[in-house]
Amino acid sequence: MDGLRKHQVSLGGSSAKEITRDALLEKVTQEREFRNYVRRATAASLFIQRVWRRYISMKVVAAHIQEEWKEMIGCHTFNTSKNWISNDVLRPFLFFVTTLATRRRRFEDRDVDCMQICFKILLESINSSDPQRNFCNLAVSSVEERRTWTYQAKKLISLCVLILSECDYSCQQGHQYVPLTSMAMRFVVSLTDLKSWKALDDVMLLDANKAVNDLVVYMCSEKSLLYPSIRRYLSRLDVPFSTPVGHTDDSFLITASAITLALRPFNSSNMDMNEDGIVDFQIAVEQYCVFVLTLPWFTQRLPTVLLSALKHKSILSPCFRQILISKERVLEEILKLNKLDHSSNTKTLPPVGWALANIICLVVDNHTTDIGKFTQGLDFSSYIQVAIILAENLLTCFEEGGWFKDDPSLQVNIDPLVESPDKISFESLKHSNMSYSDLLKPVCQQWHLMKLLTLNKGSPIQKADCELTDVAYYYSCMLRIFTVLNPVVGSMPILNMLSFTPGFLLNLWEALEKSFYPNLSSVHDATVSNSEDFKDGTFKKKKKKKGAAKNGSTKWVNVLNKITRKSQGDNEPTESVNDLGTQTSADDPSDVWDIESLRRGPEGLTTGSSHLIHLFCATYSHLLLVLDDIEFYEKQAPFTLEQQRRIASMVNTLVYNALSHNVPWRNRALMDAAVRCLHLLYERDCRHQFCPPALWLSPAKKNRPPIAVAARTHEVVSANLRSDDSLAISSMHSVITTTPHVFPFEERVQMFREFISMDKVSRRMAGEMIGPGPQAVEVVIRRSHIIEDGFQQLNSLGSRLKSSIHVSFVSECGLPEAGLDYGGLSKEFLTDIAKAAFAPDYGLFVQTSTSDRLLIPSPTARFMDNGVQMIEFFGRVVGKALYEGILLDYSFSHVFVQKLLGRYSFIDELSALDPELYKNLMYVKHYDGDVKDLSLDFTITEELPGKRHVVELKPGGKDITVTNDNKLQYIYAMADFKLNRQVLPLSNAFYRGLTDLISPSWLKLFNTSEFNQLLSGGNHDIDVDDLRNNTRYTGGYTEGSRTVKLFWEVIREFEPKERCMLMKFVTSCSRAPLLGFKHLQPSFTIHKVACDVPLWASFGGQDVDRLPSASTCYNTLKLPTYKRSTTLRTKLLYAINSNAGFELS
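Fair warning: this is a prediction, and the values are worked out from it, not measured in the lab.

1. A closer look at the overall build of the protein
Turning to step 1, where the next piece is worked out: In terms of regular secondary structure, the protein is built from 45 helices and 12 strands.
Turning to step 2, where the next piece is worked out: Residues counted as buried form 52% of the 1145 residues belonging to the protein.
Turning to step 3, where the next piece is worked out: Within the protein, residue pairs in contact and separated by at least 24 positions form 76% of the contacts whose partners lie at least 6 positions apart.
Turning to step 4, where the next piece is worked out: Entry remark: accessible area of the protein is about 53,600 Å², with carbon and sulfur atoms responsible for 52%.

Below, the structure is given as structure tokens:
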């Protein structure tokens, strides 16, 4: 059967395969839809044709009516009446204008002529005092006439708004609209102002007011397009407003009329304050905020005489209220405006940024005096809240726009004089050099902050209309905005103001102190006790000279005393750092410094506390840059040392816990400020201790990871960071990188050695030879040319210097020295080349003028042959010593080490480099007279080989005299040159060589003092028990040998200095290894030197006459078999004081 069905034939004559039922239904459906589509398309075509024919017909009719209208106006000679204007003039006029011009938004010359004629008639009618002629009287006539008048008035308003939007002074086409626009604006202003209606009597006032109110409500609506048109018109004005002083100028009248119309709804007499009226008013205020206040350079585009109206509290208060009530809707509308104005070519400031700047300009009234003030009757609280809303939204726009793509540096820009153009591309200014930052200038002025907090100069800060947390929130946002706008200068202007506002820092800290240390009974006893010594900006004990009172810079120099309200003559006793331990708990000192509310980092803070901390840390870290040690430790300004410890504890706990919990991006500004403040406090404590060691260790005491785990985690993150920049944030939050001080120094040294061990393992896995062997680097060194040979043979190796070095020495006689290098000769080579290179006679390094005689590269090294390359090579030598754990008995200047650790040096560190210069600069800083008398300029004389070179500290410095106004700039420019600029090229060279072997992240585990300990060893004394437990005996000696026992007895009786000299005699370094003698490589060894002496020499007679000797390359003391302790002591002291070792053998 199946075979028969295969050849069925369709009786219909079709040979196609039969269609299925579903396919047939689908086909029918598609055909039906196609027929429907054809019908709709046909209907649409017919509709378009009808519309087009209607448009063409109306255009022809309108043109015909326009011609008849012009003839009618030209033939009309008798007096005009209000009915004639409404019926014969406006009715045809509105028809043909709407048809020919309004819908196209383009005016022909004939349209402009007709509109000028019409507005001229209307203005003459409105200004007429005859009720029969005044067009406005139709508003109080019959119901039908009122309805017609209202319709025509609204149409005329829409036409005038359109004319305003097309007025453009920048092009010829728009310029021809100026006379027309002037007439149109005069008409609308008169039409919507009841006082301009000349023919009204008292009976008509109520109806007339209702009619005007209806027109104002219409203008408030979005349908009228009033505010978008005003924005479009104002955006075409020059910046600043360029109209001459004459008030009759058309452009001035148009601008004034536009502002009048924008503010018309704010006049409550024109609005019924019922429920509907309030809604209409809110719509108007919202449109004003969205379209007018967001206009770039809004206040600069307007004549000065118009600003007073915009700054009135009756305008600002409703705007603030509307933004606070409808925050989400207003910001959403501004965002839509941003999308319309967005430019894809450059980063453009969003409209919310202009709203913030314009509001700041409007609330400030400083055009009459040099000292600014707020507009009268300003609601400070509302202003602060609105500014915070706009600032936060602006920061969100910055984040979404990729402004924060580049991570902000934690390094502090200390030069407040640096200027750079704004980062953001703004609208070009035709006649002005202003920048957006200039609009925010009031925020950077002290009076602005003082007024917000209702401060009186010289009196403590009192509770003000604005909460301190709100003010802190406000300035916290402004700091972040300034940082984005200008990455070079950043928030420097605000920080300068905040740092030197008397009492402000104390007020911030008082709020934080009460939050984090609630059990403190009194937090300001030390400062309040001396508050009476300061009054009205002067000091009782010391009167200022009349000339000095006019010096702004002198006030800044002495303002630190004002901050704590102390007199210059009052010197409180300095707290002893040695007593720090007595202030903490005897059971567990670290618990005192662990703040429970900060254990979750920023996530555990309220919004108010978060911004308080951000503002405090940013401000105080800025102040710490210029706060010298005299003010910090002796005068204890602005805080006592006890308060300084609590501040350090707060930021230390916050930063550690934030990094431990991987702080999110939104808290980045807070963390940057906190980390900067923490580093400045910690570095100052390292230089001159004011905190107990337990304070820095306390946050990590209970949850510190094991050393090996921490080291491996850190290296994994660092490796990922090098391969993937997207992990930069995670790396930034590494506890080891940012807060290594939470680990004890001994643990960090172990971590450093763990890093090196991991590096050696990775190199071994890569196939490199680590220990001595055939792949070791072979070098032949002449002892008389150790530096030259070492430089020539090893400098080009770079990071390959990590490999083993096989050294063969050539004696001064030119003969090869016998011996195999199993590590000892390499150690001897490193110690000998370091001794030669760091000797001041060689010229590459000099010693500081302080008592500790620390090393620093000589400025003249740049002019020596291969001087910079030699410095770089010695960086590799030091790196090699650190890598191999070989101690070098040298210490570098803290200023130099700061550069190696990637840190900036500040003025107080100059005392460790050049005490005399530091003393002189402090004299200039605190000089009470006229600094001009000192005859200083912005130059410094640099001693070079064979000549003196005058260096300008700033461009044109030789022509700039140091005065009381700029002496702070001179002091810090001089310190910057000595501490940073002069030493930087050589420091960079040494750093390049050092980091070929030692990773920069490994170095940053330590501070400057700890780096020197890492290089040269531990304390200036020797742990005899540790040394004895890790000593090897060779040549026949054992721990029980008589001479060995005598040796340890004598060593215990040595002075610490003598024990250090013994270590230098044996190992070439006077200090012990940081982690104990078990880490000394090679191990400390005592080798027996047999001597033929009779046994009775132990009781008297002749003892061994031979001197001890040493082989420093193997850390071996060659000790003869002395029989008496007195002989051993005498011979050993003679040997270690002879500055010889191997030669005594």
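Let us keep going from here.
2. What about unusual backbone geometry?
Turning to step 1, where the next piece is worked out: Cis geometry is adopted by the peptide bond preceding Pro638, which originates at Ala637 and carries an omega value of 5 degrees.
Turning to step 2, where the next piece is worked out: As for its position among the elements, Pro638 is in the loop between helix 25 (629-634) and helix 26 (641-660).
Turning to step 3, where the next piece is worked out: Although it is not a glycine, Leu225 adopts a positive phi angle of roughly 60 degrees.
Turning to step 4, where the next piece is worked out: On the basis of relative accessibility, which here comes to 42%, the residue Leu225 falls in the partly exposed class.
Turning to step 5, where the next piece is worked out: Here Asn866, not a glycine, exhibits a phi torsion of approximately 55 degrees, which is positive.
Turning to step 6, where the next piece is worked out: Mapped onto the fold, Asn866 is located in the loop between strand 6 (855-857) and helix 35 (867-884).

3. What about helix 2 (residues 21-75)?
Turning to step 1, where the next piece is worked out: The first and last C-alpha atoms of helix 2 sit 80 Å apart over 55 residues, in line with the 81 Å expected at 1.5 Å per residue.
Turning to step 2, where the next piece is worked out: The complete set of buried residues in helix 2 reads Met58, Ala62, Gln66, Trp69 and Ile73.
Turning to step 3, where the next piece is worked out: Of the residues flanking the start of helix 2, the one acting as N-cap is Thr20, its side-chain oxygen 3.3 Å from the backbone nitrogen of Ala23.

4. Observations concerning the pairing of strand 10 (residues 1084-1089)
Turning to step 1, where the next piece is worked out: As defined by bridge partners, strand 9 (residues 1031-1034) adjoins strand 10 across 4 bridges and the pair is classed as parallel. Paired with Tyr1033 across the strands is Ile1086, a residue of strand 10.

5. Things to note about a nonpolar patch on the surface
Turning to step 1, where the next piece is worked out: Taken together, the side chains of Ile19, Leu24 and Val28 present a nonpolar region at the surface, about 240 Å² in accessible area.
Turning to step 2, where the next piece is worked out: As for its placement among the helices and strands, Leu24 is situated in helix 2.

6. Description of the environment of Gln982
Turning to step 1, where the next piece is worked out: Turning to its location among the elements, Gln982 is positioned in the loop between helix 38 (967-981) and helix 39 (984-995).
Turning to step 2, where the next piece is worked out: Overall, Gln982 belongs to the buried group, its relative accessible area being 12%.
Turning to step 3, where the next piece is worked out: Note: C-alpha distance between Gln982 and Ser858 (124 residues apart in sequence) is 9.7 Å.
Turning to step 4, where the next piece is worked out: Excluding its chain neighbours within four sequence positions, the residues that come into contact with Gln982 are Pro859, Glu942 and Phe977.
Turning to step 5, where the next piece is worked out: Within polar-contact distance, the side chain of Gln982 engages the side chain of Glu942 at 3.3 Å.

7. Some details on the packing of aromatic side chains
For any pair of aromatic rings, geometry is given as the distance between the ring centres together with the angle between the planes.
Turning to step 1, where the next piece is worked out: A complete count under the given rule lists 44 aromatic pairs for this structure.
Turning to step 2, where the next piece is worked out: Judged by centre distance (5.4 Å) and plane angle (90 degrees), the ring pair of Phe838 and Phe892 falls under edge-to-face. Here Phe838, found in the loop between helix 34 (824-837) and strand 5 (845-847), pairs with Phe892, found in the loop between helix 35 and helix 36 (894-900); they are 54 residues apart in sequence, far enough to count as distant. When sorted by exposure, Phe838 lands in the same class as Phe892, which is buried.
Turning to step 3, where the next piece is worked out: Here Phe873 and Phe874 contribute two aromatic rings whose centre-to-centre distance is 5.5 Å and whose plane-to-plane angle is 50 degrees, an arrangement assigned as tilted. Grouping residues by exposure puts Phe873 and Phe874 together as buried.
Turning to step 4, where the next piece is worked out: Among the aromatic residues, ring-to-ring pairing joins Phe320, Phe374, Phe380, Tyr383, Trp447, Tyr474 and Tyr475 into one connected group.
Turning to step 5, where the next piece is worked out: In this arrangement the basic side chain of Arg783 is found over the ring face of Phe809, its NZ or CZ atom lying 3.9 Å from the centre.
Turning to step 6, where the next piece is worked out: Lying across the ring of Phe938, Lys954 places its NZ or CZ 5.1 Å from the centre.

8. A look at the sheet that holds strand 9
Turning to step 1, where the next piece is worked out: The strand order across the open sheet built from 4 strands is 9-10-12-11, with neighbouring strands paired in mixed fashion. Single-partner strands in this sheet number two, and they are strand 9 and strand 11 (1109-1111). Here the strands of the sheet are splayed against their neighbours by 25 degrees on average, with no regard to which way each runs.
Turning to step 2, where the next piece is worked out: Summarising the sheet, strand 10 and strand 12 (residues 1116-1120) pair through 5 bridges and their orientation is parallel. Within strand 12, the position partnered with Thr1085 by the bridge is Thr1116.
Turning to step 3, where the next piece is worked out: The sheet strands contacting helix 43 (residues 1042-1053) are strand 9, strand 10 and strand 12, and the helix crosses strand 12 at an angle near 115 degrees.

9. As for the environment of Arg1042
Turning to step 1, where the next piece is worked out: Within the secondary structure layout, Arg1042 lies in helix 43.
Turning to step 2, where the next piece is worked out: A relative accessible area of 48% means that Arg1042 is categorised as partly exposed.
Turning to step 3, where the next piece is worked out: It is 9.4 Å that separates the C-alpha atoms of Arg1042 and Arg1124, two residues lying 82 residues apart in sequence.

10. Thoughts on the packing of helix 2 against helix 4 (residues 109-126)
Turning to step 1, where the next piece is worked out: Here helix 2 crosses helix 4 at 45 degrees, and the two axes come no closer than 12 Å. With respect to helix 4, the axis of helix 2 lies oblique. In the packing of helix 2 onto helix 4, the handedness of the crossing is left-handed. The segment helix 2 lies against helix 4, with Gln66, Trp69, Lys70 and Ile73 engaging Arg110, Asp111, Cys114, Ile117, Cys118 and Ile121.
Turning to step 2, where the next piece is worked out: In the contact of helix 2 with helix 4, the residues fall into 6 nonpolar, 1 polar and 3 charged.

Reading guide: rules and limits
Residues numbered from 1 in each chain as written. Predicted model: local features only at pLDDT ≥ 70, side-chain atom pairs only at ≥ 80, totals over all residues. Heavy atoms only, no water. Helix = DSSP H or I, 4+ residues; strand = E, 2+ residues; numbered from the N terminus. Buried < 20%, exposed > 50% of the residue type's maximum accessible area, 1.4 Å probe, protein only. Contact = heavy atoms within 4.5 Å. Areas by Shrake-Rupley, 256 points an atom, 1.4 Å probe, with all protein chains shown as cover. Expected span 1.5 Å × (residues − 1). Polar contact = N/O pair within 3.5 Å; in protein donor to acceptor, adjacent residues only side chain to side chain. Pairing = 2+ DSSP bridges. Patch = residues over 30% accessible without salt bridge, like charges linked within 9 Å, V, L, I, M, F, W, Y side chains within 5 Å. Salt bridge = Lys/Arg side-chain N within 4 Å of Asp/Glu carboxyl O. Phe/Tyr/Trp six-rings, centres within 6.5 Å; stacked < 30°, edge-to-face > 60°. Lys NZ or Arg CZ within 6 Å of the ring centre and 35° of its normal. Axes fitted to C-alpha atoms, helices over the stretch in contact; angles between N-to-C directions. Parallel < 35°, antiparallel > 145°, perpendicular 65-115°, else oblique. Left-handed = near helix turned anticlockwise from the far one by under 90°. Nonpolar A, V, L, I, M, F, W, Y, C, P; charged D, E, K, R; others polar.

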